[in-house]
Amino acid sequence: MLDVAMRQGVERETGAVEAKPLDILIVGAGVAGIAAARDFEKKAPDLTFAIVEGRKAIGGTWDLFRYPGVRSDSDLQTLAFSDRPVFNGAFTGEGADVLAYIRDSARESGVDRKILFEHRVVAADFDSQSGLWRVDVAIGADKRPARLICRFLYACCGYYDYSAGHTPDFPGRSDFSGPVIHPQFWPSDFDASGKRIVVIGSGATAISLIPALAAKADHVVMLQRSPTFLLPLPAKDYEARLYRRILPKKLAYSLLRWRNILFTFGLYRLARARPALAKRVLLGFARRRLGLDESRMANFTPRYDVWDQRVCVDAGFAFYNCLRDGAASIITAEIDSFVAEGVRLRNGEVLPADAVVTATGLKLQSFGGARLSVDGKVLAPGNLVTYRGCMFAGAPNLFAAIGYVNASWTLKCQLTTIYLLRLARELIARKAKWVAPENPPAPVGPVLALTSGYVARGKAEMPRQGATAPWKYSVNYLDDLWALRYARLDDGVLHFELP
């Protein structure tokens, strides 16, 4: 039962606002939204908030993705919330386990009672005179309109479109006699048993999906345009088990989180500073695990440097093992067309298939596809310049949880929540109406500084970043920890609007 949002921040048809506006409206009940709500509930009980969620369930990505083998690329200790440890023996998380953790965390903290399900944000306009966001939502299947009022709008809805994935327009697709499946919309009745399956793509989805399919299928072929760097991580976290036995729970969790934070960001910095060394190390895993010589490494050697695109995780060598055992194989080639019996390559070879999986990527989307404006002037996402990775020049009282691409999503999101609370307190102390960054520099590129196909395709939909702090999007947790949690708020960039 919803306890606050049904009574506060609701604008009736007459235009009057019932009671007081909400202090904060969270968009999205995934990992970022639930993390934010838990922190607000615990650290700011005097502030009112609610969550709007366009779907019928808690979990976001982890409720949407149901393909076999879905799991986290991040370690469990940093994917988990800072105040709610996970000790289940695994290093990374299976999708079902992550989903259960998010839902249990929402119930345990009581924030599940503050979620408005099937409330999809359509538009939001900030009124600079009142210092309030007026948020238009469509409710349920019939898209019944309603409006919520809040001081701070906090977008915790990720950066891709839940309604559609990216699938290239393959010639002859309708000629193929079997099913063509996108992992974002996995059919619950699909059975891989005994089937020949071609998986198109080489990203994180394909890497986790293929071992699960290969366990049942006759054979699985990963058809890739270019290879991806893989980082094998252990399936079990034996060190975590040891810490849990000999140390108090809180201390064990803190040490394990910092172990993983320092390892992850240290590895990233090494890769960017010494790309040749990082490449040699990662390719060495494939060479040793599969017993390959240099002449057979083409399928595992990307054309770019480590972390130009995301590095995918191979949990417990599951992907390499199914290649080694012959249950799966890799072909690097261009597609000519689909044919009745499978996929024809540019060289004329036909890959026979009973089913094709198009693990071809995501479609990017900012702010859940909502139309944002200030005093009626539309804010085009591609024209926004990010400030400290969570606010935007010219967008008062607007925050977005944009997690790290090179580490756990949760780490940056929880720092963003802390920063929002600091600014909310400062706004109250100054009796100001709103706060916004001003005078941004010329942007130098999209906020996601990767060369991946999905970033290139969707860059017009994503905010941009500057060349230097505080406009440059940081990918370093230690830098952000200082900037968002401890550094002075008055930095010559933030503007507090007084009455």
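Remember, predicted model here, so these are calculated numbers, not experimental data.

*Asks:* Hey, could you run me through the packing of aromatic side chains in this one?
*Replies:* Think of a pair of aromatic rings as described by two things: how far the centres are apart, and how the planes are tilted against each other in angle. Using the criterion set out here, one finds 26 aromatic pairs in the structure. With a centroid separation of 6.2 Å and 35 degrees between ring planes, the pair formed by Phe317 and Tyr320 is classed as tilted. Tyr320 sits in the buried class, given a relative accessible area of 2%. Put simply, the rings of Phe65, Tyr67, Tyr159, Tyr160, Tyr162 and Trp409 touch in pairs and so form one group of aromatic residues. Its guanidinium or amino end placed over the ring of Phe496, Arg430 lies 4.0 Å from that ring's centre, counting from NZ or CZ.

*Asks:* Where do I start with the sheet that holds strand β18 (residues 350-352) in this structure?
*Replies:* Consider a sheet: its strands pair through backbone hydrogen bonds, and that pairing is either parallel or antiparallel. The strand order across the open sheet built from three strands is β16-β17-β18, with neighbouring strands paired in antiparallel fashion. Two strands lie at the open edges of the sheet, namely β16 (335-339) and β18, each paired on one side alone. In this sheet, adjacent strand axes meet at a mean angle of 25 degrees when their direction is disregarded.

*Asks:* I would appreciate a short explanation of the nonpolar core in the present structure.
*Replies:* Proteins that are soluble and globular tend to have nonpolar side chains buried together. Among the nonpolar cores identified, the biggest contains 155 residues, and Ile26, Ile34, Leu153, Tyr154, Ile197 and Tyr419 are the most heavily contacted of them. It is helix α10 (residues 409-430) that contributes the most residues to this core, eleven residues altogether. Filtering out sequence-adjacent residues up to four positions away, Tyr419 remains in contact with Tyr387, Arg388, Cys390, Met391, Phe399, Ala483, Leu484, Leu489 and Leu494.

*Asks:* How should the sheet that holds strand β11 (residues 196-200) be read in this particular structure?
*Replies:* Spatially, β10-β19-β11-β12-β15 is the arrangement adopted by the five strands of the open sheet, whose pairing is parallel. At either end of the open sheet lies a strand with only one pairing partner, and these are β10 (180-181) and β15 (328-332). Relative to strand β12 (residues 219-224), β11 runs parallel, the two sharing five bridges. Residue pairing across strands places Arg196 opposite His219, the latter belonging to β12.

*Asks:* What am I meant to see in the pairing of strand β14 (residues 312-315) here?
*Replies:* Side chains Cys312 and Asp314 project from β14 onto one buried face, and the interleaved Val313 and Ala315 project onto a second face that is buried too. Where strand β13 (residues 230-233) meets β14, four bridges bridge the pair, whose relative direction is parallel. Of the residues in β14, the one forming a bridge with Pro232 is Asp314.

*Asks:* Please clarify how the packing of helix α1 (residues 31-43) against helix α4 (residues 95-109) should be interpreted in this entry.
*Replies:* Contact geometry of α1 with α4 gives a least axis separation of 10 Å together with a crossing angle of 20 degrees. The angle between α1 and α4 places the two elements in the roughly parallel class. Along this stretch, α1 crosses α4, giving a crossing that reads as left-handed. Only Ile102, Ser105, Ala106, Glu108 and Ser109 of α4 make contact with α1, whose side of the interface consists of Val31, Ile34, Arg38 and Glu41. Of the residues belonging to the contact of α1 with α4, the class tally is four nonpolar, two polar and three charged.

*Asks:* Sorry, what's going on with the confidence of the model for the protein here?
*Replies:* Low-confidence regions, as indicated by low pLDDT, have predicted coordinates that should not be scrutinised in detail. Confidence in the prediction for the protein averages 91 pLDDT; 95% of positions are at 70 or higher. Here residues 1-6 is modelled with pLDDT under 50, and outside its nearest four sequence neighbours on either side it reaches 17 contacts, counting other chains as well. Segment residues 12-18: pLDDT under 50, and eleven contacts once partners within four positions in sequence are set aside and those in other chains are kept.

*Asks:* Explain the environment of Phe176 to me, please; I cannot follow it from the model alone.
*Replies:* Take Phe176: it is sitting in the loop between β9 (160-165) and β10. Of the residues examined, Phe176 reaches a relative accessible area of 7% and is grouped as buried. For the pair Phe176 and Ala37, spaced 139 residues apart in the sequence, the C-alpha separation amounts to 47 Å. If sequence neighbours within four positions are ignored, Phe176 has contacts with Phe338, Val339, Ala340, Glu341, Gly342, Ala353, Asp354, Ala355 and Val356.

*Asks:* I'm lost on the pattern of salt bridges in this one. Help?
*Replies:* Working definition: two side chains of opposite charge can pair if their charged atoms are close together. Applying the stated criterion across every chain, the model contains 25 salt bridges. For the salt bridge of Arg259 with Glu239, the shortest nitrogen-to-oxygen distance reads 3.1 Å. One end of the pair, Arg259, is in helix α7 (residues 249-273); the other, Glu239, is in helix α6 (residues 238-246), and 20 residues separate them in sequence. A relative accessible area of 35% means that Glu239 is categorised as partly exposed.

*Asks:* What is the right way to read the side chain of Lys114 from this model?
*Replies:* You can see Lys114 is positioned in the loop between α4 and β5 (115-117). According to the relative accessible area criterion, Lys114 is buried, its value standing at 9%. Within the structure, Lys114 has its side chain in polar contact with the side chain of Glu41 (distance 3.1 Å).

*Asks:* What's the story with α10 in this structure? I'm lost.
*Replies:* For an α-helix, the turn length of 3.6 residues means that residues three or four places apart are oriented alike. Taking 1.5 Å of rise per residue, 22 residues should cover 32 Å, and α10 covers 32 Å from first to last C-alpha, within 8% of that figure. In terms of burial, α10 is largely enclosed, as 16 of its 22 residues are buried. N-capping of α10 is provided by Ser408, with a side-chain oxygen placed 3.2 Å from the backbone N of Thr410. After α10 finishes, the residue Lys431 shows a positive phi value of roughly 55 degrees.

*Asks:* For this particular structure, what's the right way to read the pairing of β11?
*Replies:* Two faces make up the sheet, and in a regular strand the side chains alternate between them. Among the five residues in β11, four count as buried, and that is most of the element. Regarding topology, helix α5 (residues 204-214) serves as the crossover connection from β11 to the parallel β12, and that connection is right-handed. Sheet topology places β11 next to strand β19 (residues 355-358); four bridges connect them, and they run parallel. When the sheet's bridge partners are listed, Ile200 is paired in β19 with Thr358.

*Asks:* Looking at this structure, I do not really get the side chain of Arg257. What am I missing?
*Replies:* Relative to the assigned elements, Arg257 resides in helix α7. Setting aside residues up to four positions removed in sequence, Arg257 forms contacts with Gln77, Thr78, Ala80, Phe81, Ser82 and Leu411.

*Asks:* Can you walk me through the state of the cysteines in this structure?
*Replies:* Cysteine pairs can be covalently joined through their sulfur atoms, and such a bond is termed a disulfide. Enumeration over the complete set of coordinates arrives at zero disulfides. Just so you know, Cys390 is unpaired, no disulfide at all, and the nearest cysteine sulfur is the one on Cys413, 10 Å from it. In this structure Cys413 is not part of a disulfide, and its nearest cysteine sulfur, from Cys156, lies 6.6 Å away.

*Asks:* Honestly, the packing of α6 against α7 in this entry has me stumped. Any pointers?
*Replies:* Each pair of packed helices gets described by two things: the angle between the helix axes and the distance between those axes. Here α6 crosses α7 at 150 degrees, and the two axes come no closer than 8 Å. In terms of orientation, α6 and α7 fall into the roughly antiparallel class. As α6 runs across α7, the sense of the crossing is right-handed. Listed contacts from α7 to Glu239, Ala240, Tyr243 and Arg244 of α6 are Lys249, Ala252, Leu255, Leu256 and Arg259. A breakdown of the residues in the contact of α6 with α7 according to their chemical character gives five nonpolar, no polar and four charged.

Conventions and cut-offs
- Residues numbered from 1 in each chain as written.
- Predicted model: local features only at pLDDT ≥ 70, side-chain atom pairs only at ≥ 80, totals over all residues.
- Heavy atoms only, no water.
- Phe/Tyr/Trp six-rings, centres within 6.5 Å; stacked < 30°, edge-to-face > 60°.
- Buried < 20%, exposed > 50% of the residue type's maximum accessible area, 1.4 Å probe, protein only.
- Lys NZ or Arg CZ within 6 Å of the ring centre and 35° of its normal.
- Pairing = 2+ DSSP bridges.
- Helix = DSSP H or I, 4+ residues; strand = E, 2+ residues; numbered from the N terminus.
- Axes fitted to C-alpha atoms, helices over the stretch in contact; angles between N-to-C directions.
- Core = buried A, V, L, I, M, F, W, Y, C linked by side-chain atoms within 4.5 Å.
- Contact = heavy atoms within 4.5 Å.
- Parallel < 35°, antiparallel > 145°, perpendicular 65-115°, else oblique.
- Left-handed = near helix turned anticlockwise from the far one by under 90°.
- Nonpolar A, V, L, I, M, F, W, Y, C, P; charged D, E, K, R; others polar.
- pLDDT = per-residue confidence, 0-100.
- Salt bridge = Lys/Arg side-chain N within 4 Å of Asp/Glu carboxyl O.
- Polar contact = N/O pair within 3.5 Å; in protein donor to acceptor, adjacent residues only side chain to side chain.
- Expected span 1.5 Å × (residues − 1).
- Right-handed = clockwise from strand over helix to strand, strands pointing away.
- Disulfide = S-S within 2.5 Å.

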